[in-house]
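Each chain is listed here by its residues.
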Amino acid sequence: MSKPTQHWLRRLESSEQPAYTLIADLIAEDLRSGRLTARDRLPTLRELADDLSLNYTTVARAYAEARKRGLIDSRPGYGSYVRGSSPALPLRGGSGAEMTMNLPPEPQDAGLQARLQESAKDVMARADLYDLLRYQDFGGSAQDKDASVHWLRRHLPDCETSRVLVCPGIHSALAALVSQLARPGEMICVEALTYPGIKAIATQLGVKLHALPLDDDGPSAFEFEQACKTLKPKALYCNPTMLNPTTATVSKGRREALADIALRYSIPIIEDDAYGMLPRQAPPPLALLAPELTYYITGLSKCLGAGLRTAYVCAPNARKAQTLAGALRATTVMASPITNALATRWVTDGTADAMLHAVRAESIARQSLASHYLGQHQIQAQPEGFHLWLPLASPWSAVELASYLRTQGVGVVASAAFSTDGDPPDAVRICLGGPLSRKECDDALKLIADTLDHPLHPHATVRS
């Protein structure tokens, strides 16, 4: 009889608690005390039944209860074993270490937080509140448009207010553009791995997506041209800087090739540059290479916070901006004047830049943690970004890893969510930002690394 089961026998003999629940309790106690450690092998059902003088069914129920609690698991050829070398992270409102939503980190800079609060108070103190509570023309006030041009000109120096619309978030602008450029049954080209929102929009509108294979330089220019020749797509959608999910940035040469093809075949380009402000240096946007075709979209949700639903669209010309404004007005009525007023204040007084610098700095620190824990797993990441792409080697599949980590209080997203070609790679996207503190991020990355480094876990989803 092993030492743990000797201890268990004494407790069983002195307790009136049902044996199957007590055994699960004892496993949990022994994990906390160190009597049992991660990946310890447990007796077989028959061995434990003999050791404890219990029937086989009771011991089977005990192991099932322990599995239900996430304490142990079983694998053919290995038997039953203790699960996980790191404790599951405590759940916060059911989310735990929520690394599924791609949110910027929240810098814990007291001075910056005070600046945000004071400027927000000042906006409301100085504003004509009734004016902010009225309907306004779509596209933002004159002040909002001036702020948007100021923000956009760091990438589009020739941007003008006549071509700009202030919108309630990037997603709404994408939905309006897709509805305007493609009818149900028609097609747009997208990356083989891309922003899930564009998939949802296309499904809702009945628009087909044609997946362009990805290589180290970006979406295939050859496949894009073949599609232009044979499939007559209505647009090219591209997330060229820090692609969600892979973090890859399309090279300058590939951008030039894609722009050239779009120009030759007169294919509109939807350039979703949600992450474009994060890197200090990036290749020129497609909107500079094919300005007469490109709708350039960026916003503040990835620089300040996702709750600030303010996005800026620079259309190819003033006429197309007004046409797009009609489509947006039909679906969203207008962006919130109160939200716009706050965004405009932060852009014009430098608070948005200060927040952007702080988000970059915090992202760099968290990417350093990710490299420390996961670097040996060939992660794809950018120093100034706040998500990473983790390719998986056997024996894990993306769904298995995401499911197992969820039982441990860590949420990541399996690759199928981003796939447009029906053949997702075994990989997951991990977000390092949002409400996670740096310490919580460290703990979650350590747990993920430990899970990958000890391959007894595959198929270890909780069973009831």
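Residues numbered from 1 in each chain as written. Predicted model: local features only at pLDDT ≥ 70, side-chain atom pairs only at ≥ 80, totals over all residues. Heavy atoms only, no water.

Another point: the overall build of the chain. From N to C terminus, the chain includes 17 helices and 17 strands. Based on the C-alpha atoms only, the size of the chain along its principal axes is roughly 85 × 60 × 35 Å. Of the contacts made within the chain by residues no fewer than 6 positions apart, 74% connect residues no fewer than 24 positions apart. By element, 51% of the accessible surface of the chain is carried by carbon and sulfur atoms, the whole surface being about 20200 Å². For the chain, the distance from the average site of its 48 positive side-chain charges to the average site of its 49 negative ones is 2 Å. (Helix = DSSP H or I, 4+ residues; strand = E, 2+ residues; numbered from the N terminus. Contact = heavy atoms within 4.5 Å. Areas by Shrake-Rupley, 256 points an atom, 1.4 Å probe, with all protein chains shown as cover. Lys, Arg positive; Asp, Glu negative; His and termini not counted. Charge placed at Lys NZ, Arg CZ, Asp CG, Glu CD.)

The next subject is the packing of aromatic side chains. All told, the structure shown has two aromatic pairs when counted by the stated rule. Residues Tyr-275 and Phe-386 carry aromatic rings whose centres are separated by 6.0 Å and whose planes lie at 55° to one another, so their mutual orientation is tilted. Here the residue Tyr-275 occupies a position in the loop between strand E10 (269-272) and helix H12 (286-289), and Phe-386 occupies one in the loop between strand E13 (380-381) and strand E14 (387-391), the gap between them amounting to 111 residues. Judged on exposure class, the residue Tyr-275 and its partner Phe-386 are both buried. Consider the rings of Trp-389 and Phe-418, whose centres lie 6.0 Å apart with planes at 80°: the pair is edge-to-face. Here Trp-389 is found in strand E14, whereas its partner Phe-418 is found in the loop between strand E16 (413-414) and strand E17 (427-431), with 29 residues between them in sequence. The side chain of Arg-61 reaches across the aromatic face of Tyr-20, ending 3.9 Å from its centre. Positioned above the aromatic ring of Trp-151 is the side chain of Arg-154, whose terminal nitrogen or guanidinium carbon lies 4.2 Å from the ring centre. (Phe/Tyr/Trp six-rings, centres within 6.5 Å; stacked < 30°, edge-to-face > 60°. Buried < 20%, exposed > 50% of the residue type's maximum accessible area, 1.4 Å probe, protein only. Lys NZ or Arg CZ within 6 Å of the ring centre and 35° of its normal.)

Moving on to a nonpolar patch on the surface. Together, Met-124, Leu-129, Tyr-130, Leu-133 and Ile-338 make up an exposed nonpolar region whose accessible area comes to about 520 Å². Tracing the chain through its elements places Leu-133 in the loop between helix H6 (129-132) and helix H7 (142-152). (Patch = residues over 30% accessible without salt bridge, like charges linked within 9 Å, V, L, I, M, F, W, Y side chains within 5 Å. Salt bridge = Lys/Arg side-chain N within 4 Å of Asp/Glu carboxyl O.)

We now examine the packing of helix H10 (residues 221-230) against helix H11 (residues 252-265). It is at 10 Å that the axes of H10 and H11 come closest, and there the two elements cross at 10°. The orientation of H10 with respect to H11, classified from their angle, is roughly parallel. Contact residues: H10 offers Ala-221, Phe-224, Glu-225, Cys-228 and Lys-229, while H11 offers Arg-254, Ala-257, Leu-258, Ile-261, Ala-262, Arg-264 and Tyr-265. In terms of residue class, the contact of H10 with H11 is made up of eight nonpolar, no polar and four charged. (Axes fitted to C-alpha atoms, helices over the stretch in contact; angles between N-to-C directions. Parallel < 35°, antiparallel > 145°, perpendicular 65-115°, else oblique. Nonpolar A, V, L, I, M, F, W, Y, C, P; charged D, E, K, R; others polar.)

We now examine the nonpolar core. Ranked by size, the top nonpolar core spans 68 residues in total, and within it Trp-151 and Ile-270 carry the most contacts. The biggest single contributor to this core is helix H8 (residues 170-181), with seven residues. If near-sequence neighbours (up to four positions away) are discounted, Ile-270 is found in contact with Leu-174, Leu-177, Val-178, Leu-181, Ala-235, Leu-236, Tyr-237, Cys-238, Tyr-295 and Ile-297. (Core = buried A, V, L, I, M, F, W, Y, C linked by side-chain atoms within 4.5 Å.)

With four of five residues buried, E14 is to be regarded as a mostly interior element. Here E13 runs beside E14; their pairing, made up of two bridges, is antiparallel. Of the residues in E14, the one forming a bridge with Ala-381 is Leu-388. In this antiparallel pair of consecutive strands, E13 and E14, the connection spans five residues. (Pairing = 2+ DSSP bridges.)

To continue, consider the sheet that holds E17. Pairing within the open sheet is antiparallel, and its four strands lie in the order E13-E14-E17-E16. Two strands close off the open sheet at either side, each with one partner strand: E13 and E16. Where E14 lies against E17, five bridges are found, and the strand directions are antiparallel. Paired with Leu-390 across the strands is Val-428, a residue of E17.

Positionally, Lys-320 belongs in helix H13 (residues 318-332). Judged by its relative accessible area of 23%, Lys-320 is partly exposed. For Lys-320 and Arg-163, which are 157 residues apart along the polypeptide, the C-alpha to C-alpha distance reads 7.9 Å. The residues contacting Lys-320, other than those within four sequence positions of it, are Glu-292, Tyr-295 and Ala-315.

Turning next to helix H3 (residues 45-52). Those residues of H3 not exposed but buried are Leu-48, Ala-49, Asp-51 and Leu-52. The buried residues of H3 all sit within an arc of 165° when viewed along its axis, so they share a single face. Among the exposed residues of H3, those pointing more than 90 degrees away from its buried face are Arg-46 and Asp-50. Of the residues one or two after H3, Ser-53 is the one with positive phi, at around 55°. (Arc of directions from axis to C-beta.)

Okay, helix H14 (residues 337-348) next. Taking 1.5 Å of rise per residue, the twelve residues of H14 would be expected to cover 16 Å, and the 16 Å separating its terminal C-alpha atoms lies within 8% of that figure. The elements touched by buried residues of H14 are helix H5 (110-126), H6, H7, strand E4 (164-167), strand E12 (311-314) and helix H15 (351-374). Count one or two residues on from H14 and you reach Gly-350, which has phi positive near 90°. (Expected span 1.5 Å × (residues − 1).)

Next up on the list: the side chain of Lys-145. Locating Lys-145 in the fold gives a position in helix H7. Residue Lys-145 is classed as buried on the basis of its relative accessible area of 16%. Setting aside residues up to four positions removed in sequence, Lys-145 forms contacts with Gly-139, Gly-140, Thr-161, Val-164 and Val-166.

This part takes up the pattern of salt bridges. Within the structure shown, the criterion is met by 20 salt bridges. Across the pair Arg-366 and Glu-362 runs a salt bridge whose closest N-O atoms are separated by 2.8 Å. One end of the pair is Arg-366 and the other is Glu-362, both in helix H15 and four residues apart, which spans about a single turn. Note on accessibility: Arg-366 and Glu-362 belong to one class, buried.

The next point concerns the confidence of the model for the chain. Atom-level detail of predicted coordinates should not be read off regions where pLDDT is low. Counting all residues, the mean pLDDT for the chain is 90, and 93% of those residues have values of 70 or more. Residue range residues 90-95 is modelled with pLDDT below 50. Its contacts to residues more than four positions away, or to other chains, number nine contacts. Residue range residues 457-464 is modelled with pLDDT below 50. Its contacts to residues more than four positions away, or to other chains, number 29 contacts. (pLDDT = per-residue confidence, 0-100.)

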